[in-house]
Amino acid sequence: MPSRPSAARRLAARTAAILLTGALAGAVTPPAAQAGAPVARPTAYVDPMIGTSNGGNTYPGAVRPYGMIAWSPTSTTGDQTSTGAANGYEYGVTRMRGLSLTHVNGAGCNPGAAGDVPIMPFVGDVTTSPSADSKDAVYASGFSHDDERAVPGRYTVGLDSGATADLAVSERAGVADFSFPADKPANLLFRVSNSLNGSEDAQVEIDTAHRKVTGSVLTGAFCGRRANGGTNNRKSYYRLYFSASFDRDFATTGTWRDSALMPGATSASGGEGYATGADRAGRGSGGWVGFDTAEDDDVRMRIGISYVSRAGAEANLREEIPPRADVDDVARAGSAAWDRELASVRTGGGSDAQRTAFYTALYHSLMQPNLISDTDGRYPGMDGKPHRVTRGQKAQYSNFSGWDQYRAQIQLLALLKPRIAGDFAQSLYNFARQNGGVWDRWVHVNGATHVMTGDPTAATLATFYAMGVRNFDYEGAFESLARQATVPHPDGLSDAGCPGQCTGQRPNLAQYLTSHYAAQDVCHCWGGAAETLEDAVADDALGRWARLLGRDEEAAAFEERGGWWRNVFNPGAGDGAGTTGYIQARNLDGSWVTPFAPGSDRGFAQGTSATYTWMVPQDVQGLAAAMGGRETAAQRLDGFFHKADGSWSVKGGDALRYDPTNEPGIHAPWLYNALGQPWKTQETVREIVNTVYGTGPRGLPGNDDLGTMSAWYVFSALGLYPQTPGSATMLLGAPLFPSAVLRRAQGGDITIKAPEADATHPYIDAVKIDGRTADRSWTDARLVTRGGSLDFRLADRPNTSWATGPAGLPQ
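Quick caveat, the model's predicted, so the values are computed rather than measured. (Residues numbered from 1 in each chain as written. Predicted model: local features only at pLDDT ≥ 70, side-chain atom pairs only at ≥ 80, totals over all residues. Heavy atoms only, no water.)

## As for the overall build of the protein
We count it as follows: The secondary structure listing takes helices from DSSP runs of H or I that are at least 4 residues long and strands from runs of E that are at least 2 residues long, numbered from the N terminus. Both definitions apply: the radius of gyration is a C-alpha atom measure, and the globule rule equals 2.2 Å times residues to the power 0.38. The contact criterion used throughout is that any non-hydrogen atoms of two residues lie within 4.5 Å. Surface exposure here means Shrake-Rupley accessible area, sampled with a 1.4 Å probe, where a residue is shielded only by the protein chains that are shown.
Looking only at helices and strands, the protein has 19 helices and 35 strands in total. Rg of the C-alpha trace for the protein: 26 Å, near the compact-globule value of 28 Å for 811 residues, within the 12% margin. Principal-axis analysis of the C-alpha atoms gives the protein an extent of 80 × 60 × 55 Å. Considering only contacts in the protein between residues 6 or more positions apart, those separated by 24 or more positions represent 71%. Here the protein displays about 25,800 Å² of accessible surface, and carbon together with sulfur accounts for 48% of that area.

## Focus on the packing of aromatic side chains
The following threshold applies: Only the six-membered ring of Trp is used, alongside the rings of Phe and Tyr, when aromatic pairs are assigned; centres must lie within 6.5 Å, and planes under 30 degrees apart are stacked while those over 60 apart are edge-to-face, with the rest tilted. Each residue's exposure class comes from its accessible area (1.4 Å probe, protein chains only) as a fraction of the maximum for that residue type: buried when under 20%, exposed when over 50%, partly exposed otherwise. The rule is short: NZ of Lys or CZ of Arg within 6 Å of the ring centre and within 35 degrees of the ring normal puts a charge over the ring.
Within this structure, the stated rule accounts for 35 aromatic pairs. Look at Tyr238 and Tyr307: their rings are 5.5 Å apart centre to centre, the planes differ by 80 degrees, and that puts the pair in the edge-to-face class. Separated by 69 residues along the polypeptide, Tyr238 in strand E12 (residues 236-246) and Tyr307 in the loop between strand E17 (298-306) and helix H3 (310-320) bring together distant segments of the chain. We note that Tyr238, like Tyr307, is buried. Ring centres of Trp670 and Tyr721 lie 5.2 Å apart, and the angle between their planes is 10 degrees; this geometry places the pair in the stacked category. With Trp670 in the loop between helix H16 (630-641) and helix H17 (678-691) and Tyr721 in strand E28 (residues 720-722), the pair connects residues that are 51 residues apart, well separated along the chain. Residue class for Trp670 comes out buried when judged on its relative accessible area of 2%. Judged by relative accessible area, Tyr721 falls into the buried class, the value being 1%. Feature note: the residues Phe190, Phe242, Phe246, Phe250 and Phe291 constitute an aromatic cluster, connected by ring pairs. Over the face of the ring belonging to Tyr429 we find Arg433, whose NZ or CZ atom lies 4.4 Å from the ring centre.

## Focus: the pattern of salt bridges
The cut-off we apply is this: Any Lys or Arg side-chain nitrogen located within 4 Å of an Asp or Glu carboxyl oxygen qualifies as a salt bridge.
A complete count under the given rule lists 35 salt bridges for this structure. Here Asp166 ties to Arg154 by a salt bridge, and the two come within 2.8 Å at their closest N and O atoms. Taken as a pair, Asp166 in strand E7 (residues 164-169) and Arg154 in strand E6 (residues 154-159) lie far apart in primary sequence, twelve residues in all. Residue classification places Asp166 among the buried residues on the basis of a relative accessible area of 0%. The salt bridge involving Glu320 is made with Arg172; its shortest N-O contact spans 2.6 Å. Residue Glu320 is found in helix H3, and its partner Arg172 is found in the loop between E7 and strand E8 (173-179); the two are separated by 148 residues along the sequence. One continuous salt-bridge network, built from bridges that share partners, spans Asp455, Arg506, Asp535, Asp539 and Arg561.

## Quick notes on the sheet that holds strand E24 (residues 442-444)
Under the convention used in this document: Two strands are said to pair when DSSP picks up at least two bridges between them.
One open sheet holds the three strands; their spatial order is E23-E24-E25, and the pairing between them is antiparallel. On the outer flanks of this sheet lie strand E23 (400-401) and strand E25 (447-448), each paired with one strand and no other.

## A few points about the sheet that holds strand E29 (residues 730-732)
As summarised here, the arrangement of the three strands in space is E28-E29-E34, forming an open sheet in which the pairing is antiparallel. The open sheet is flanked by E28 and strand E34 (778-779), the only strands paired with a single partner. Strand direction decides the pairing type here: E29 and E34, joined by two bridges, are antiparallel. In the sheet register, Leu731 faces E34, and the bridge partner there is Trp778.

## A look at the nonpolar core
Filter applied, for reference: Nonpolar core, defined: a set of buried Ala, Val, Leu, Ile, Met, Phe, Trp, Tyr and Cys residues in which side-chain atoms within 4.5 Å join the residues together.
Among the nonpolar cores identified, the biggest contains 216 residues, and Trp71, Phe178, Phe190, Phe246 and Trp545 are the most heavily contacted of them. Counting residues per element, this core draws most heavily on helix H12 (residues 528-548), which supplies ten residues. The residues touching Phe246, leaving out its near neighbours within four places in the chain, are Leu188, Phe190, Arg211, Val213, Val289, Phe291, Val299, Arg300 and Met301. If you look at the next biggest cluster of nonpolar residues, it comprises nine residues, including Ala168, Ile321, Ala325 and Ala331.

## Regarding unusual backbone geometry
With an omega dihedral of 10 degrees, the bond running from Cys498 to Pro499 counts as a cis peptide bond. Structurally, Pro499 can be placed in the loop between helix H10 (474-486) and helix H11 (509-515). Phi angles above zero are rare outside glycine, and Met452 is one such case at about 80 degrees. Within the fold, Met452 resides in the loop between E25 and helix H9 (456-466). Although it is not a glycine, His516 sits at a positive phi angle of roughly 70 degrees. Among the structural elements, His516 can be located in the loop between H11 and H12. Residue His516 is classed as partly exposed on the basis of its relative accessible area, which comes to 27%.

## Overview of helix H15 (residues 620-627)
Taking burial as the measure, the eight residues of H15 include six buried ones, the bulk of the element. At its buried positions, H15 is contacted by strand E26 (569-574) and H16. Within two residues after H15, Gly628 carries a phi angle of roughly 115 degrees, on the positive side.

## Examining the packing of helix H5 (residues 352-365) against helix H18 (residues 708-718)
Our working rule: Axes, fitted as lines to C-alpha atoms, cover a helix only where it is in contact. Angles between the N-to-C directions of the axes lie from 0 to 180 degrees. Angles are sorted into four bins: roughly parallel if under 35 degrees, roughly antiparallel if over 145, roughly perpendicular if 65 to 115, and oblique for all others. Put simply, a crossing is left-handed when the front helix is turned counterclockwise from the back one by less than a right angle, and right-handed when it is turned clockwise. When residues are grouped by polarity, Ala, Val, Leu, Ile, Met, Phe, Trp, Tyr, Cys and Pro land in nonpolar, Asp, Glu, Lys and Arg in charged, and all others, Gly among them, in polar.
Close contact between H5 and H18 brings their axes to 8 Å; oriented N to C, the two are set at 130 degrees. As judged from the angle between their axes, H5 and H18 are oblique. Classified by chirality, the crossing of H18 by H5 is left-handed. Residues Gln354, Ala357, Phe358, Ala361, Leu362, His364 and Ser365 of H5 pack against Ser710, Ala711, Tyr713, Val714, Ala717 and Leu718 of H18. Considered class by class, the residues forming the contact of H5 with H18 number nine nonpolar, four polar and no charged.

## Side note on the environment of Tyr91
Along the chain, Tyr91 falls in the loop between strand E2 (70-75) and strand E3 (95-100). Distance in space between the C-alpha atoms of Tyr91 and Thr52 is 5.4 Å, their sequence separation being 39 residues. Beyond its immediate stretch of four places on either side in the chain, Tyr91 contacts Met49, Thr52, Ser53, His145 and Pro697.

## So, the pairing of strand E31 (residues 750-753)
Burial along E31 is one-sided: the residues Ile750 and Ile752 are buried and none of Thr751 and Lys753 is. As paired elements, strand E30 (residues 739-742) and E31 share four bridges and run antiparallel to each other. When the sheet's bridge partners are listed, Ala740 is paired in E31 with Ile752. In terms of strand pairing, E31 meets strand E35 (residues 788-795) through four bridges, oriented parallel. Its bridge partner lying in E35, Ile750 is registered against Gly788.

## Brief notes about the state of the cysteines
Test applied: Cysteine sulfurs are considered disulfide-paired once they come within 2.5 Å of each other.
Enumeration according to the criterion identifies three disulfides in this entry. Disulfide partner of Cys109: Cys223, at an S-S distance of 1.9 Å. Handedness here is read from the sign of the S-S torsion; for Cys109 and Cys223, about -90 degrees, the answer is left-handed. Residue Cys109 is found in the loop between E3 and strand E4 (119-123), and its partner Cys223 is found in the loop between strand E11 (212-220) and E12; the two are separated by 114 residues along the sequence. In this pair, the class of Cys109 matches that of Cys223, namely buried. At a sulfur-sulfur separation of 2.1 Å, the disulfide partner of Cys523 is Cys525. For the disulfide bridge between Cys523 and Cys525, the dihedral angle about the S-S bond is near -95 degrees, and by the sign convention the bridge is left-handed. Among the cysteines of the protein that take part in disulfides, numbered as they appear in the sequence, the pairing is 1-2, 3-4, 5-6.

Read these as geometric descriptors, not functional statements.
Encoded structure:
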């Protein structure tokens, strides 16, 4: 057999090929984009490394739009139960213990979820159990970012050990080339039990005759290794199956269980549990296959995954990747798939950095929801049984970070990809029917994790319907969500999982319906004030949905409940410096929870009263009136974004001011539109875009939360933002780009023109909607549901008379 180039030379060649084809983020700037014409190839501006530091918790690995497989590194900080980041990769940690098959984008708790079946190219002999290597001292390797390349659909890395990995994926399968030094032992470790949060069980089978490694892991446990209710989720709810085949024979095989090593064996099983530290040390199972690299140091592997069965994994591989396809072939197809998806927004003009930040944000926004159904339509239900997608449904999707996503990401999905949004809505309804009618607020694969607070699914599906999404059983879904909001469930009286993962989805609903607020002392929730605000937003959205469905009696009831936020607004609560009127938790007897301070999180979930006081997007005029009028509210909002000396405070870290890293206040910059001072929205949003977001690993302000923070950026760059859940109304800001076209398969395209857009023109001077001059800072539902045009005239100074008339303000 002829010799091949060394691993290092092949890595260099692959990197050069990526650069030459423009697939590396920012490597090629198309001349058309420089001239202000629409971007021709969006993937040229995607940098998957954005958000891999600064708590962004993104991952750089290979994934397709909405893909099931997400093949990316699992890093190590010297502890197999901690990786340095929620999703297994932190840019500052340059040591990895494997390349895992599944990931969730930007989830917040560490460790978060998935990271299933790390596959590690290991240079050396396997002489001890990798599971017993609890500090990752032996069966891990350092790497340099100079030897790492990430582009949409492909990930390549060279390890300090001399091994390299080049990965590319379809939706449910992948192909990898692993290379090893020719003069050293070459092995691939399948660490089947070592998911990010651990595992209940795992198994591996090695078939030497057919050059295959197969297996599965029984896991779940979202946030299960952390406190804050995490023990409630130390349970399994899905099994991931894999089937890997190779282009060459195995020279050696072996398996391990716990501390026992079994050279030559071909099967093993055993989980590692969901504990940490010494309680977990030494537990787990896996296997390895070795290769003779004397004359051939390159190994090609093809792998399929499934949440249903091994046969499903093999069928997914068969259906999606042709038998002779190599990494380059699969990578080209993946890049094309991402270009098609990202071309739903074609921007013109702007700087290289702006285009990179924008298209990477769009890339992160459209990673989810994630497929969990096989190519034959089968998927695991929330009842633990296999199901098949319903008639008219293309696929079953999951991974719903509801508390986060309902504020921005799901609106972007509905706007750009309504067909996916409808299948996602049907998927969530399918899960609810399999779960006794209960809609969980944070769904991972087929697991109800209960993470966070409120009823975000009601807000989500109401928003989908308002924005024109119809390809789901919206009547059945509405009735089910309305029942959850009106009929108490026994779980609502449980404290299991509290505060962070309370089991009840409408906790202590009977008390809520009587008192019209969630009482802090008996709410069985994370925080009574936060729960009241969240439920008020959800109920208002249900009311809007009911109105669109012609169910006026139900609409009136839910719309009234949308105003129950007033029951936790204390006009007498103050900051000690003269400002009064804050959201404050209450007890069952009606008394206010004390002591009170605007910077306290008592009664709230991942936020303070200072932030949550603004979380009334459904009734901004009512909130302003409660504060003493729009002028007073605007002055208070000024203090939310500025320090006492007038300087900006928009980067977080101040309990009394805006926090761009978490969701309860991310809509706040847009509230000025309703307060009659839209120029302040324009300058505040531009300040956040310019100073909080950016390029490079630190380019996101915090957890991306399944595309939520990225979606905020996409909307802000376009000069649009959703007003409130359950509505298709869009608030207007100043676009970042001179032109943008939203190309949509249904609903009609939306064209945005802002010829003066640049760093010195952050203000709106005038707007035309569908060719007609508009003196209002919002659009009605027709822009979203029918398409249309927005023409902005931008200026270098604020126009303090545009869109300020009381009669034309958004509600």
